[in-house]
Amino acid sequence: MTNSHLKYRLIKDKLFYLFVILMSFIVTVPLFVIIYYIFKMGLSSLSWDFISKLPAPMGESGGGILNALIGTAIIVLLSSLIAVPIGISAGIFLSEFKERKLAKYVRFCTEVLQGAPSIVLGIIAYIWIVKPTQNFSALSGAVALSIMMLPVIIRSTEETLKMIPHTLKEASLSLGVPYSTTIFRIILPCGLNGILTGVLLSIARIMGETAPLLFTAFGSPFLSLDLMKPMNSLPTMIYNYAASPYPQDNAFAWGISAILCIFVLVINLIAKGVSKKWKVQF
Amino acid sequence: MTVSFSFCLGRKMKQEKIFNGYLYTVSILMIVLFSAILITLLIESFPSLKEYGIRFFTGSNWDPNPPEGKPEFGALPFFVGTLITSFLALLICFPFAIMIAVFLGEYYRNGNVSQFLKSMVELLAGIPSVIYGLWGLFVFVPVIRNLELKIFQMAYTDYSHLSAFSQKLMFGLKFILFDLLKIQPIGFGMFTASVILAVMIIPYAASIGREVISMVPNDLKEAAYSMGATRFEVIRYIILPYCRSGIMAGILLALGRAIGETMAVTMVIGNRNLMPKSIFDPANTLASVLANEFAEAVNQLHMSSLIQLGLLLFITTAVINMFGKLIINKMNKAA
Amino acid sequence: MLKKIAVIALSIGMGISALSAQTKELLGAGATFPQPLYSKIFQEYSKKGVNVNYQAIGSGGGINQLIAKTTDFGGTDAIMSSEEESKAGAPILHIPTCLGAVVVSYNLQLGANQRLKMSSALISDIFLGKIVVWNDKRIAAENPGIKLPALPITVVYRSDGSGTTYIFTEYLAKVSTVWDKTVGNGKSVKWPIGIGAKGNPGVAGTINQTPGAIGYVELIYALSNKMPYALVKNKTGKYINPDMKTVSLAAAKGIPANTKVSLTNTDSKDGYPISSFTWIILYKEQNYNGRSLDQAKKTVELIKWMVTSGQNFAPSLHYAKLPKDAQTKALALLNSVTFNGKPIK
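Everything numeric here is computed off the predicted structure, so don't read it as measured data. (Residues numbered from 1 in each chain as written. Chains lettered and ligands numbered in written order. Predicted model: local features only at pLDDT ≥ 70, side-chain atom pairs only at ≥ 80, totals over all residues. Heavy atoms only, no water.)

**Student:** So what exactly am I meant to see when it comes to the overall build of chain B here?
**Tutor:** Check the secondary structure of chain B and you find 13 helices and 2 strands. Expressed as lengths along the three principal axes of its C-alpha atoms, the size of chain B is roughly 110 × 70 × 35 Å. For chain B, buried positions account for 55% of its 335 residues. Pairs at least 24 apart in sequence give 73% of the contacts found in chain B among residues at least 6 apart. Here chain B displays about 14800 Å² of accessible surface, and carbon together with sulfur accounts for 68% of that area. Positive and negative side-chain charges of chain B, numbering 25 and 19 respectively, have mean locations separated by a distance of 8 Å. (Helix = DSSP H or I, 4+ residues; strand = E, 2+ residues; numbered from the N terminus. Buried < 20%, exposed > 50% of the residue type's maximum accessible area, 1.4 Å probe, protein only. Contact = heavy atoms within 4.5 Å. Areas by Shrake-Rupley, 256 points an atom, 1.4 Å probe, with all protein chains shown as cover. Lys, Arg positive; Asp, Glu negative; His and termini not counted. Charge placed at Lys NZ, Arg CZ, Asp CG, Glu CD.)

**Student:** I'm lost on the pairing of strand 3 (residues 73–76) of chain C in this one. Help?
**Tutor:** On a regular strand, each side chain points to the face opposite its neighbour's, so the side chains alternate between the two faces of the sheet. All names here are of chain C. Side chains F73 and G75 of strand 3 all project onto a buried face; the interleaved residues G74 and T76 project onto the opposite face, where all are buried too. Relative to strand 3, strand 1 (residues 25–30) runs parallel, the two sharing 3 bridges. Bridging across to strand 3, G30 finds its partner in G75. Relative to strand 11 (residues 275–283), strand 3 runs antiparallel, the two being bridged by 3 bridges. Its bridge partner being in strand 11, G74 is matched across the sheet by I281. (Pairing = 2+ DSSP bridges.)

**Student:** Sorry if this is basic, but what is going on with the domain arrangement of chain B here?
**Tutor:** Frequently, the measure chosen for interface size is the accessible area removed from exposure when the parts meet. Residues and elements named next belong to chain B. As assigned here, chain B comprises domain 1 (1–45) and domain 2 (75–334). Contacts between the two partners involve 7 residues from domain 1 and, on the opposite side, 7 residues from domain 2. In this assembly, domain 1 packs against domain 2 so that about 650 Å² is buried in total across both faces, 79% of it on carbon and sulfur atoms. Three residues, L41, E44 and S45, lead the burial of domain 1 against domain 2; their summed loss comes to 65% of the area buried on that side. Our count for the domain 1 to domain 2 interface comes out at 0 salt bridges. Applying the counting rule to domain 1 against domain 2 returns 2 residue pairs in polar contact (both at pLDDT 80 or more). Grouping the constituent residues of the side of domain 1 that touches domain 2 by class yields 5 nonpolar, 1 polar and 1 charged. (Domains from an automatic or database assignment. Buried area = accessible area lost by both parts, 1.4 Å probe. Salt bridge = Lys/Arg side-chain N within 4 Å of Asp/Glu carboxyl O. Polar contact = N/O pair within 3.5 Å; in protein donor to acceptor, adjacent residues only side chain to side chain. Nonpolar A, V, L, I, M, F, W, Y, C, P; charged D, E, K, R; others polar.)

**Student:** In this structure, what is going on with empty space enclosed by the protein? I would like to understand it.
**Tutor:** Regions of empty space are outlined by a rolling probe, equal in size to a water molecule, passed over the atoms. Within the structure shown, the criterion is met by 5 cavities of 30 Å³ or more. What the largest cavity holds in volume is close to 270 Å³. Around the largest cavity, the lining comprises 22 residues; the ones closest to its centre are A243(A), L137(B), M267(B), A197(C) and K198(C). Secondary-structure elements contributing two or more residues to the lining of the largest cavity are helix 10 (234–242) of chain A, helix 5 (129–156) and helix 11 (263–268) of chain B together with strand 7 (195–197) and helix 9 (199–209) of chain C. A per-element tally of the lining of the largest cavity places helix 9 of chain C first, with 4 residues. A class-by-class count of the residues in the lining of the largest cavity yields 11 nonpolar, 10 polar and 1 charged. Computed from the structure, the second largest cavity encloses a volume of approximately 190 Å³. (1 Å grid on protein atoms, 1.4 Å probe; cavity = no way out; pocket = protein on both sides within 12 Å on 5 of 7 lines; lining within 4 Å. Points joined across faces, edges and corners; volume = space filled by probe spheres on them.)

**Student:** Where do I start with the environment of K50(B) in this structure?
**Tutor:** Residue and element names in this part refer to chain B. Here K50 shows up in helix 1 (residues 2–52). Exposure remark for K50: the relative accessible area of 65% places this residue in the exposed category. Sequence separation of K50 and F103 is 53 residues, and the distance between their C-alpha atoms is 52 Å.

**Student:** Explain the interface of chain B and chain C to me, please; I cannot follow it from the model alone.
**Tutor:** Opposite the 29 residues of chain B that make contact, chain C presents 40 residues. Together chain B and chain C conceal approximately 2600 Å² of surface at their shared face, both sides included; 54% is due to carbon and sulfur atoms. The tally of links from chain B across to chain C stands at 0 salt bridges. Scanning the region where chain B abuts chain C turns up 7 residue pairs in polar contact (both at pLDDT 80 or more). At the level of elements, strand 1 (62–63) and helix 5 of chain B are the ones that each hand at least two residues to the side of chain B that touches chain C. Broken down by element, the side of chain B that touches chain C gets its largest block of residues, 6 residues, from helix 5 of chain B.

**Student:** Looking at this structure, I do not really get a nonpolar patch on the surface. What am I missing?
**Tutor:** Among the surface-exposed residues, I262(A), F263(A), V266(A) and I270(A) lie close enough to one another that they form a single nonpolar patch of about 310 Å² accessible area. Residue classification places I270(A) among the partly exposed positions, given a relative accessible area of 44%. (Patch = residues over 30% accessible without salt bridge, like charges linked within 9 Å, V, L, I, M, F, W, Y side chains within 5 Å.)

**Student:** Looking at this model, I keep getting lost on the sheet that holds strand 4 (residues 92–106) of chain C. Mind explaining?
**Tutor:** Where strands meet in a sheet, backbone hydrogen bonds hold them as pairs that are either parallel or antiparallel. All names here are of chain C. The sheet built from 8 strands is open, its strands ordered 2-1-3-11-4-8-6-7 with mixed pairing. The sheet terminates laterally at strand 2 (51–55) and strand 7, the two strands that pair on one side only. Taking each pair of neighbouring strands and ignoring which way they run, the sheet shows an average axis angle of 30°. As paired elements, strand 4 and strand 8 (residues 213–218) share 5 bridges and run antiparallel to each other. Bridging from a neighbouring strand, S105 pairs with G215 of strand 8. Each of strand 2, strand 3, strand 4 and strand 11 touches helix 2 (residues 35–45); the most contacted strand, strand 2, lies at about 165° to it. Packed on one face of the sheet, helix 13 (residues 324–335) meets strand 4 and strand 11 and runs near 140° to strand 4. (Axes fitted to C-alpha atoms, helices over the stretch in contact; angles between N-to-C directions.)

**Student:** How do you make sense of the packing of aromatic side chains when you look at a structure like this?
**Tutor:** Here the distance between the centres and the angle between the planes together describe a pair of aromatic rings. All names here are of chain C. Per the counting criterion, the structure on display carries 46 aromatic pairs over all chains. Here the aromatic rings of Y38 and F42 are separated by 5.6 Å at their centres, their planes lie at 45°, and the arrangement is tilted. In this pair, Y38 and F42 both sit in helix 2, 4 residues apart, roughly one turn of the helix. Looking at F42, the relative accessible area reads 3%, which means it is buried. A cation over a ring is seen here: R115 above Y229, with NZ or CZ 4.8 Å from the ring centre. The ring of Y239 carries the charged tip of K117 above its face, separated from the ring centre by 5.8 Å. (Phe/Tyr/Trp six-rings, centres within 6.5 Å; stacked < 30°, edge-to-face > 60°. Lys NZ or Arg CZ within 6 Å of the ring centre and 35° of its normal.)

**Student:** Please explain the layout of surface pockets as it appears in this structure.
**Tutor:** Taken as a whole, the second largest pocket encloses approximately 1000 Å³ of empty space. Along its surface, the second largest pocket is lined by 48 residues, and N240(A), Q35(C), Y54(C), Q55(C) and A56(C) are the ones closest to its centre. Within the residue set of the lining of the second largest pocket, elements represented by two or more residues are helix 10 and helix 11 (247–277) of chain A, helix 12 (286–293) of chain B together with helix 2, strand 2 and helix 9 of chain C. Here the residues of the lining of the second largest pocket sort into 24 nonpolar, 19 polar and 5 charged.

**Student:** When you look at the pattern of salt bridges in this model, what are you seeing that I'm missing?
**Tutor:** It is possible for side chains bearing opposite charge to pair when their charged atoms get close. Taken as a whole and judged by the stated rule, the model has 23 salt bridges over all chains. The residue E158(A) makes a salt bridge to K162(A) at a minimum N-O spacing of 3.9 Å. In this pair, E158(A) and K162(A) both sit in helix 6 (residues 138–163), 4 residues apart, roughly one turn of the helix. Notably, a salt bridge pairs K187(C) with E84(C), separated by 2.6 Å at the nearest N-O pair. You can see K187(C) sitting in the loop between helix 8 (177–182) and strand 7 and its partner E84(C) sitting in helix 4 (residues 82–88), a full 103 residues away along the chain. Accessibility assignment for this pair places K187(C) and E84(C) in one class, buried.

**Student:** It is not clear to me how the environment of E209(A) should be interpreted in this structure. Could you clarify?
**Tutor:** All names here are of chain A. Looking at where E209 falls in the secondary structure, it is placed in the loop between helix 8 (179–207) and helix 9 (211–214). Here the alpha-carbon distance between E209 and S118, two residues 91 residues apart in the chain, equals 7.8 Å. Look past the residues within four positions of E209 in its chain and what remains in contact with it is S118, L145, M148 and P235. Side chain to side chain, E209 and S118 meet in a polar contact 3.2 Å long.

**Student:** Honestly, the side chain of S162(C) in this entry has me stumped. Any pointers?
**Tutor:** Residue and element names in this part refer to chain C. Examined against the element boundaries, S162 turns out to sit in the loop between strand 6 (154–158) and helix 7 (163–175). A polar atom in the side chain of S162 sits 3.1 Å from the side chain of R158. In terms of polar contacts, S162 uses its side chain to reach the backbone amide nitrogen of T164, at 2.9 Å. Look past the residues within four positions of S162 in its chain and what remains in contact with it is S59, G60, G186 and K187.

**Student:** It is not clear to me how the interface of chain A and chain B should be interpreted in this structure. Could you clarify?
**Tutor:** Tallying the contact residues gives 81 residues for chain A and 76 residues for chain B. With both chains or domains summed, chain A and chain B bury close to 7300 Å², and 81% of this area falls on carbon and sulfur atoms. Where chain A packs against chain B, one counts 2 salt bridges. Here R9(A) ties to E233(B) by a salt bridge, and the two come within 2.7 Å at their closest N and O atoms. Our enumeration of links across chain A and chain B arrives at 10 residue pairs in polar contact (both at pLDDT 80 or more). If one sorts the elements of the side of chain A that touches chain B by residue count, helix 1 (residues 2–42) of chain A sits on top with 22 residues. Class assignment of the residues belonging to the side of chain A that touches chain B gives a composition of 60 nonpolar, 13 polar and 8 charged.

What follows is the structure, given as structure tokens:
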């Protein structure tokens with residue numbers, strides 16, 4: 001009798017194992033389906049014209065996404081310029097002064113901001129920058145995106161620095177090296193791979209964000225380098241073209257998605273590579 | 001020599017003080033940022049709070065432009081829309097997230113299979129939300145619509161040639177599908193949005209689940225094995241209960257993400273400001289109505305009501321994330 | 001190191017911004033109703049060295065952003081209400097740019113050359129949710145000889161604040177007292193039934209993909225996507241096909257000097273009952289917010305071009321040109337635009 005009960009348990013065990021594998025791989029199905037569709041529908045739009053021309057007027061075929069490509073590059077660059085210095089510094093603070101009460105509050109604020117919906121941040125940027133300057137601008141979009149980048153960078157910086165043995169810091173300080181130089185010349189370089197990973201991951205995240213840009217950077221059919229004027233971006237273009245009834249616009253939306261996915265994938269891969277290759281061993 | 005040394009020392013002390021000051025300032029900036037966001041949202045919502053008070057939360061009439069009378073902003077339909085889509089998404093994602101967490105945390109911790117699945121899940125998380133929306137709009141919505149169409153055509157088929165019992169069965173089925181669930185062949189709706197949301201939040205719940213499952217102390221598991229438990233039993237009776245709070249935290253984080261998600265939802269949910277009566281109805285969530293109406297809110301009350309929605313979104317996600325992080329911190333301390 | 005890079009990059013950025021200080025770009029936002037036309041003519045206009053960035057966010061957005069003074073001009077098919085004008089704080093001019101038709105488009109597989117005929121009562125009943133399937137007796141009665149499928153009707157409306165909605169609901173409010181009392185007219189109304197989509201393109205796209213859908217879009221969107229649209233019965237009882245001719249006929253009435261006129265439910269015998277002008281709105285006094293004389297000049301020049309040479313692009317995109325009377329009044333209004341009180345020359 002015990003034998004059959006044992007068999008029953010063993011069968012349950014095997015079934016569960018198969019079930020787990022099944023469910024886990026079912027999850028990969030939507031991923032493959034999405035990627036399949038993106039490339040099946042988007043590949044046909046990709047061409048040299050696609051990345052070198054400006055968008056055609058509504059309803060006409062041809063044209064490209066040059067202004068969106070450059071726009072995304074500029075906005076992402078600007079956001080990083082704002083978020084990276086602040087983020088790394090705050091991360092240093094959190095890892096160095098973690099006992100202080102202030103650190104607790106800062107950590108709390110960081111975690112809350114991480115979960116903040118991107119559209120709320122877009123509205124904040126509108127209220128803070130667009131309304132007073134009465135100007136839709138790439139800068140306001142970049143500010144909204146930089147608020148999204150900050151928590152990720154702060155967290156990864158803090159985690160990375162926490163893992164560096166404090167003997168390193170103590171050795172440097174005992175040699176009379178000032179604290180700031182210790183941090184910048186010794187600790188940060190050691191943690192560079194983790195910090196860089198965090199920066200790259202946050203960039204990958206904001207590259208695809210549309211909601212914050214809806215009422216800030218607005219959009220433009222022209223190529224613009226002006227930070228105080230509206231600027232087009234890849235996700236904005238996807239959103240606009242997705243709702244269009246013209247099939248060539250829809251095909252464009254898929255094409256842009258393909259390019260965006262490739263960018264995000266490449267950045268993720270680079271981040272992984274950086275994380276592995278530059279890892280300083282202790 | 002000693003003079004120059006102490007002079008250098010003085011300068012270095014100053015440099016350190018400045019540096020410390022810089023670090024403090026930057027970090028206080030984070031607190032200032034958070035407070036500024038909260039205060040801005042509060043101030044801008046104030047006109048609407050004053051005007052509508054509790055009616056905002058209980059009224060289901062969202063009418064910025066009524067044929068007569070003042071605009072009325074009852075946000076209940078959006079609360080319902082948000083709740084239904086988020087919880088339905090959680091419900092759908094939960095089994096999958098747990099299974100992935102078990103797979104990566106227990107069965108295949110390292111190795112190529114684990115790497116593969118981990119990358120897949122990370123990719124899922126990395127796809128921008130607007131692309132999910134695009135795919136949802138052109139691929140998933142037609143699928144749901146065809147399904148609904150087939151179901152709808154059932155209502156018009158003649159079943160009189162079947163036996164009386166089958167007819168009663170059909171009648172019951174029709175009642176469930178059309179009167180309770182109110183299926184219309186639209187394709188857009190809360191159900192569609194929930195499914196897409198579920199796919200988007202799986203990585204969040206799974207990653208935390210995986211971490212806590214892999215951190216279960218070995219001696220607990222070994223004790224169970226030594227008593228003759230199968231792997232399934234160890235997972236079910238030892239690991240999962242042990243990780244209950246961690247999994248809970250993962251779910252909370254996923255919920256927070258689902259509530260705040262805008263783009264994918266607004267592209268497939270049907271954008272209707274009326275109170276949804278079934279999960280297949282088109283509706284609006286707090287986030288999607290913001291995206292729809294913000295650019296054109298002319299009158300002060302409309303703008304203020306929308307910002308009040310933003311405030312609620314901000315506070316809700318903040319509270320949920322806070323709980324999640326609290327649970328994780330407690331676990332980390334206990335470990 | 002990082003800080004050095006930051007400083008250098010920011011100064012390059014500011015430098016580039018400073019270089020673009022001379023007005024070479026104008027920003028407008030608003031209606032999707034004329035978007036295909038504007039998109040085309042602004043591309044043409046850019047050959048003159050001035051880039052016009054027009055973002056079609058809906059008439060509501062256009063009005064709102066002009067009030068917020070974030071744009072140089074707005075586009076709207078809905079005349080600004082007195083509340084909106086008082087919020088703006090300064091007088092705003094409405095300059096008509098073209099005529100268009102709001103058509104009732106649907107997604108049905110009918111026989112070749114078969115088109116639906118709709119009376120105003122039918123349209124309002126469908127959009128009120130009183131008729132829910134296509135093979136309803138009332139639709140069949142108006143369309144003898146057409147086999148209608150047993151598909152449910154899916155109403156598609158605008159989810160954003162829209163001048164197209166304004167035109168359509170104004171028409172419905174005029175022809176149906178029930179509509180007037182329960183839903184009313186405006187850029188955003190509380191639709192009793194249906195799903196919302198963003199912009200004219202969104203509605204057209206949704207109709208196109210949803211069998212059994214019905215919605216209202218500007219003519220060009222239905223034409224470019226080969227979507228069928230209904231013949232609408234006008235006030236005199238004739239079923240009218242929306243096109244440039246019938247739209248122009250609807251506009252053949254006296255236009256006030258400020259050009260704020262409604263053309264819906266026209267008395268004209270052969271006029272299409274859901275026609276409308278679309279306007280560009282701008283401030284009468286252009287010196288606000290630190291605007292330069294140059295920018296004001298360029299704005300006025302642009303709009304002047306739109307109502308004169310730009311009109312030649314309208315017919316190929318199925319918009320009707322401005323009637324002579326409207327054009328004269330538009331130019332008169334533009335000549336009254338001032339900078340610091342002095343007319344802009």
